[in-house]
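# Examining the three-dimensional arrangement
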Amino acid sequence: MAKGYDILDTSTMPVIALRGLTVFPNVLIHFEVAREASVKALEAAMTAGSPVFLVGQKDIAVDEPGLDDLYQVGTISSIRQILRMPGDNVRVMVEGQARGRLLQLLRTQPHLEAEVREIDVPETSARGSAKAEALMRATYELFQEYAELAPKLSPDLIVHILASQDPGHIADYVAQNIPMRNSDKQTVLEELRPVRRLEKLYCLLEREVEILNLDHEIEDRAREQMSSHQRDYYLREQIKAIQSELGEEADEIEEYRERIAKADLPDQVREKLEKELGRLAKQSYSSSESAVLRSYLDICLGLPWGKRTREKVSVAAVRRRLDRDHFGLEKVKERILEFVAVRQLAPDLKGQVLCLVGPPGVGKTSIAMSMARAMGRELARVSLGGVSDEAEIRGHRKTYVGAMPGRIISAIDQAQSCNPLILLDEIDKLGRDHRGDPASALLEVLDGEQNASFRDNFLEVPFDLSEVMFITTANTTDTIPRPLLDRMEVIELSSYTDEEKVQIAKRHLLPKELARHGLAKGQLKVSDGALREIIAAYTRESGVRVLERRLAAVCRKTAMKVVSEQVGSVRVTDRDLEGYLGVPRYHPERQVLEERVGVVNGLAWTSVGGELLEVEVNVVPGSGKVELTGNLGDVMKESAHAALSFIRSQADRLDLSADFYKEKDIHVHFPEGAVPKDGPSAGIAITTAMVSALTGCPVRRCIAMTGEVTLRGRVLPIGGLKEKTMAAFRNGIKTVIIPADNAKDLEEIDQTVRKALQFILVERADQVLTNALSRPVEASPPRRRGRPPKNRQELPGLPPAPKGEGSSRLSQ
């Protein structure tokens, strides 16, 4: 033990937990103490004249360490000096005396105190072992290499190490005085055999030398790059000075100045660009600011300022192009031609924006492209689906890294014309999040009174969009904000009829697929019957995209036969389709050929067109529960409850028990439960299905219906009649019941559909039940005073309609 202390092999002494520090024996070191418990441990050691045990802390984040938070091996040290610092900190100088092992903590308050056992370490001299001598020499050489690389290393440290012959002391001394990870220093401290301790230090010292070498390589590389940049800077400054003395300017600046002079720029834009060019002339060529300015000038000067294409506004030319590219859509074509006629008479008319709304695959995008070709305008398409950042429309400010103009200015740049036709595709699928609302940014773009001075964030100067013709497309107008929709003129494109699809397939789709698959016109012939069978049994859509894929599959099979079987020509009829397309996927008339109880065909509108929506009702004995399943929305659930309330109010007229709703459970289900459903238009279908299930009366076959029902049995009008009737027509329905208030909408229905369907206009629910149920329910309406009983069957539900009123049957 150290001289002056009387310490036994096992002793009790104060403990200081060290954070990020390791103390070795026979080494003098000073450090600061900040924790209150550590300061009190120092004071206790000084008061008792005892040593203090310095032990490392495993996790430096722990503020009040316990036994498990401390290493087992530390250093028994004597306190040489304590210095009070400003505040509560204390600076202490200690000298390590011997290694010690922590046996147990006796207390933790007010300071740590532990039972410590001194570790007896054998002494070894390098002179007694050749291995130790060789290891020490290698350590000397390695440490000298480290001293050359390490900054600010004291020469006295090297002298002290060279003067020592004890390998254990050399290891302790070097580990104490060079920067290493605390865990590595603890490894050296815990090694009791001197030679092995020096071996471990040698390995750690090798790693430190390698790290220092890498540090110097990085510094040298950075210094070389900096020197190169400085050299380039000085040379460029000298070139600028020489050119200034000679009255010359850099070629780049002169080139920009010539481009600005030649461009047909508004005065405000010209002043802005000249100002930015002056800033560029003052910048270093390699500076980041000059790169931003060059990009800005290049984009601004690349825009088609004052460049216009000659517009060919001719109704006849547009009609020929639309008829050549599209079959059908007569009303849509008529509306577009009216728009072109107005432009032909008033070329300066501005602010007209068309919005083509319809299901997918009906030709919205291709119609806009045909208009651009017919009118001689350049076309630029901007896809807005999923765009949720306002900067996508207005652009980013040029100060941001990688900033670019918005999509509108990018489309102008792409078209290289001030009067292009810009197609804003899928405008109904714009998003909105914390980065802004792109739909609000489009308000200025599509407003003819404002877009003459549209200001992109990147350009920072106004750009005239008043000559641009905007056409937007959407599947539905429900998701388009009202202020934005107000700026557009909506043209609706309805679903194609089966006959229209046949003609489209013959005139457009099949020739296109034949060319894509390398087939000559005579190598594949598809009969009209085969086309109709493909449309009816292999597709169910409003447009023709799936039909195009089915024709592509037929072409692939044909190409395989031509190549492998050396067949010259293939003819496909409706009987051959299973060999080309597999078994039929849809059977439109299978479910409507029979009369069923509690099952009604409703009609639904979706963004992709109309759909046939079945309503199933099952009645079982129970306690009056009403189950509504099929992924229904709140409005549809409320419609079901309204229908049940109406039936309850008319129970006596429907020949139902007055308390049937207490004795029976009613389950209303809409098949295809994975598809969300909502809306009030299934009200009369739910009412009819419930009455059919409760009374046992089957529903007539080949009939479908749509309409909202009220608690009093009134039938209210609905929307989307065109798409719904098209769905009924596709699925083989013969009769459709609709609200009487929708009679005005029949004019918009396709003539083919009107001729194929019989429409029944109804005002009340009793009229629906009269026409939908295959046989009336026997009922005995209560007699009224002064009214003789009638010997005829009346529809249960409501009193018979007065003469001259009732349902109307329309067969177009």
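All values reported here derive from a predicted model rather than from experimental measurement.

Rules used throughout
- Throughout this document, residue positions are counted from 1 along each chain, in the order its sequence is written.
- With pLDDT at 70 or above as the cut-off, local features in this predicted model cover only qualifying residues; side-chain atom pairs require 80 or more to be listed or tallied, and sums for whole chains, interfaces and linings still use all residues.
- As a rule here, side-chain values cover all heavy atoms of the structure and leave hydrogens and water aside.
- Strands here mean DSSP runs of E at least two residues long; helices mean DSSP runs of H or I at least four residues long; both are numbered from the N terminus.
- Residue burial is assigned from relative accessible area. The probe radius is 1.4 Å, only protein chains are included, and a residue is buried under 20% of its type maximum, exposed over 50%, and partly exposed in between.
- Residue-level accessible areas treat just the shown protein chains as cover; the underlying method is Shrake-Rupley with a 1.4 Å probe.
- In what follows, salt bridge is the name for a side-chain nitrogen of Lys or Arg lying within 4 Å of a carboxyl oxygen of Asp or Glu.
- Where helices are involved, their axes are fitted lines through C-alpha atoms of the stretch in contact, as for all axes, and angles between N-to-C directions lie from 0 to 180°.
- Should an angle fall under 35 degrees it is called roughly parallel, over 145 degrees roughly antiparallel, and 65 to 115 degrees roughly perpendicular, with every other angle called oblique.
- Contacts between residues were defined by any pair of non-hydrogen atoms, one from each residue, lying within 4.5 Å.
- Classification convention: Asp, Glu, Lys, Arg as charged; Ala, Val, Leu, Ile, Met, Phe, Trp, Tyr, Cys, Pro as nonpolar; all other residues, Gly among them, as polar.
- When DSSP finds two or more bridges between a pair of strands, those strands are recorded as paired.
- Look down the strands so they point away from you; if going from the first strand over the helix to the second traces a clockwise path, that crossover is right-handed.
- Residue-level confidence of the predictor is summarised by pLDDT, bounded by 0 at the bottom and 100 at the top.
- A pair of aromatic rings is counted whenever rings of Phe, Tyr or Trp (Trp by its six-membered ring) have centres within 6.5 Å, and the orientation is called stacked for planes under 30 degrees apart, edge-to-face for over 60 and tilted otherwise.
- Whether a charge sits over a ring comes down to the Lys NZ or Arg CZ being within 6 Å of the ring centre and within 35 degrees of the ring normal.
- To count toward a patch, a residue needs a relative accessible area over 30% and no salt bridge; like charges are then connected within 9 Å, while nonpolar side chains (Val, Leu, Ile, Met, Phe, Trp, Tyr) are connected within 5 Å.
- Charge assignment: positive for Lys and Arg, negative for Asp and Glu; neither His nor the chain ends contribute.
- Every charge is mapped onto a representative atom, which is NZ of Lys, CZ of Arg, CG of Asp or CD of Glu.
- For this analysis, a polar contact is any N or O atom pair within 3.5 Å, provided that within protein one partner can donate a hydrogen and the other can accept it, and provided that sequence-adjacent residues contribute only side-chain to side-chain pairs.
- Handedness of a crossing follows from how the near helix is turned relative to the far one, being left-handed for an anticlockwise turn of less than a right angle and right-handed for a clockwise one.

What follows deals with the overall build of the protein chain. Each helix and strand in the protein chain was counted, giving 26 helices and 25 strands. The buried share among the 812 residues of the protein chain stands at 47%. Accessible area of the protein chain: about 41,300 Å², with a carbon and sulfur share of 48%.

With that settled, the discussion passes to the pattern of salt bridges. Within this structure, the stated rule accounts for 37 salt bridges. Across the pair lysine 40 and glutamate 36 runs a salt bridge whose closest N-O atoms are separated by 3.3 Å. Separated by 4 residues within a single helix, lysine 40 and glutamate 36 lie in helix H1 (residues 36-48), roughly one turn from each other. Residue classification places lysine 40 among the partly exposed residues on the basis of a relative accessible area of 31%. The exposure class assigned to glutamate 36 is exposed, which follows from its relative accessible area of 58%. Close ionic contact of aspartate 528 with lysine 506 constitutes a salt bridge, the shortest N to O distance being 3.5 Å. Note that aspartate 528 is positioned in helix H18 (residues 528-537) and lysine 506 in helix H17 (residues 498-516), a separation of 22 residues in sequence. On the basis of relative accessible area, aspartate 528 is assigned to the partly exposed category, the value being 31%. On the basis of relative accessible area, lysine 506 is assigned to the partly exposed category, the value being 36%.

We now examine the packing of helix H7 (residues 251-262) against helix H8 (residues 267-281). Helix packing geometry: the angle between the two helix axes and the distance between the axes. Interaxial distance between H7 and H8 falls to 11 Å at its minimum, and their mutual angle equals 180°. Between H7 and H8, the angle is such that the two are roughly antiparallel. Facing H7, whose interface residues are Ile253, Tyr256, Arg257, Ile260 and Ala261, H8 presents Arg270, Leu273, Glu274, Leu277, Leu280 and Ala281. Partitioned by chemical class, the residues of the contact of H7 with H8 number 8 nonpolar, no polar and 3 charged.

With that out of the way, let us pick up the pairing of strand S24 (residues 758-762). Most of S24 is tucked away, with 4 of its 5 residues classed as buried. As judged from the 5 bridges shared by strand S23 (residues 735-739) and S24, these two strands associate in the parallel manner. By the bridge assignment, threonine 735 is partnered in S24 with glutamine 758. Remark: the S23/helix H25 (residues 751-756)/S24 crossover connection has right-handed handedness.

Detailed reading of predicted coordinates is not advised where the pLDDT is low. A residue-level look at the protein chain finds 90% of positions with pLDDT of 70 or above and a mean pLDDT of 80. Segment residues 1-8: pLDDT under 50, and 10 contacts once partners within four positions in sequence are set aside and those in other chains are kept. A low-confidence stretch, residues 778-812 stays under pLDDT 50, and its non-local contacts, those more than four residues away or across chains, total 58 contacts.

Note on aromatic pairs: each is described by the distance of the centres and the angle between the planes. The final tally for this structure, using the stated rule, is 3 aromatic pairs. When the ring of tryptophan 305 is compared with that of phenylalanine 463, the centres are 4.9 Å apart and the planes differ by 55°; the resulting orientation is tilted. Linking tryptophan 305 in the loop between helix H9 (288-302) and helix H10 (315-325) with phenylalanine 463 in strand S11 (residues 462-463), this pair joins segments that are 158 residues apart in sequence. Owing to a relative accessible area of 7%, tryptophan 305 belongs among the buried residues under this scheme. Among the residues examined, phenylalanine 463 registers a relative accessible area of 2% and is labelled buried. A cation over an aromatic ring shows up here: lysine 398 above the ring of tyrosine 296, its NZ or CZ 4.8 Å from the ring centre. Residue placement shows arginine 648 over the ring face of tyrosine 661; its charged tip is 3.6 Å from the ring centre.

Before going further, it helps to examine a negative patch on the surface. Together, Asp251, Glu254, Glu255 and Glu258 line one region of the surface with negative charge. Turning to its location among the elements, glutamate 258 is positioned in helix H7. Take glutamate 258: its relative accessible area is 39%, and that puts it in the partly exposed class.

Turning next to the sheet that holds strand S9 (residues 421-425). With respect to topology, 5 strands assemble into an open sheet ordered S8-S9-S12-S7-S13, the strand pairing being parallel. Looking at strand neighbours, the two that pair on one side only are strand S8 (379-383) and strand S13 (489-492), the edges of this open sheet. Neighbouring strand axes in the sheet, compared pairwise and without regard to direction, differ in orientation by 20° on average. Those strands touched by helix H12 (residues 364-375) are strand S7 (353-357), S8, S9 and strand S12 (469-474), and its axis lies near 165° from that of S12.

Here aspartate 325 lies in helix H10. Separated by 45 residues in sequence, aspartate 325 and serine 370 place their C-alpha atoms 7.1 Å apart. Beyond its immediate sequence surroundings of up to four residues, aspartate 325 is in contact with Ser370, Arg373 and His508. Among the polar contacts listed, one links the side chain of aspartate 325 to the side chain of arginine 373, at a separation of 3.1 Å.

Here the focus is the packing of helix H11 (residues 330-345) against H12. Interhelical geometry of H11 versus H12 gives an angle of 35° and a closest axis separation of 13 Å. As for the relative orientation of H11 and H12, their crossing is right-handed in sense. Contact with H11, carried on its side by Val332, Ile336, Phe339 and Arg343, involves Ile367, Met371 and Met375 of H12 and no other residues of that element. The residue makeup of the contact of H11 with H12, split by class, is 6 nonpolar, no polar and 1 charged.

Turning our eyes to something else, we now look at the pairing of S12. Most of S12 sits inside the fold, with 6 of its 6 residues counted as buried. Burial along S12 is two-sided: the residues Met469, Ile471 and Thr473 and Phe470, Thr472 and Ala474 are all buried. Pairing geometry for S7 and S12, over 5 bridges, is parallel. Note on S12: the bridge partner recorded for leucine 354 is isoleucine 471. Relative to S12, S9 runs parallel, the two sharing 4 bridges. Bridge assignment links leucine 423 to a residue of S12, and that residue is isoleucine 471.

Our focus in this paragraph is the side chain of threonine 75. Here threonine 75 lies in strand S4 (residues 73-84). Of the residues examined, threonine 75 reaches a relative accessible area of 0% and is grouped as buried. Looking at threonine 75, its side chain comes within polar contact range of the main-chain oxygen of valine 23, at 2.4 Å.

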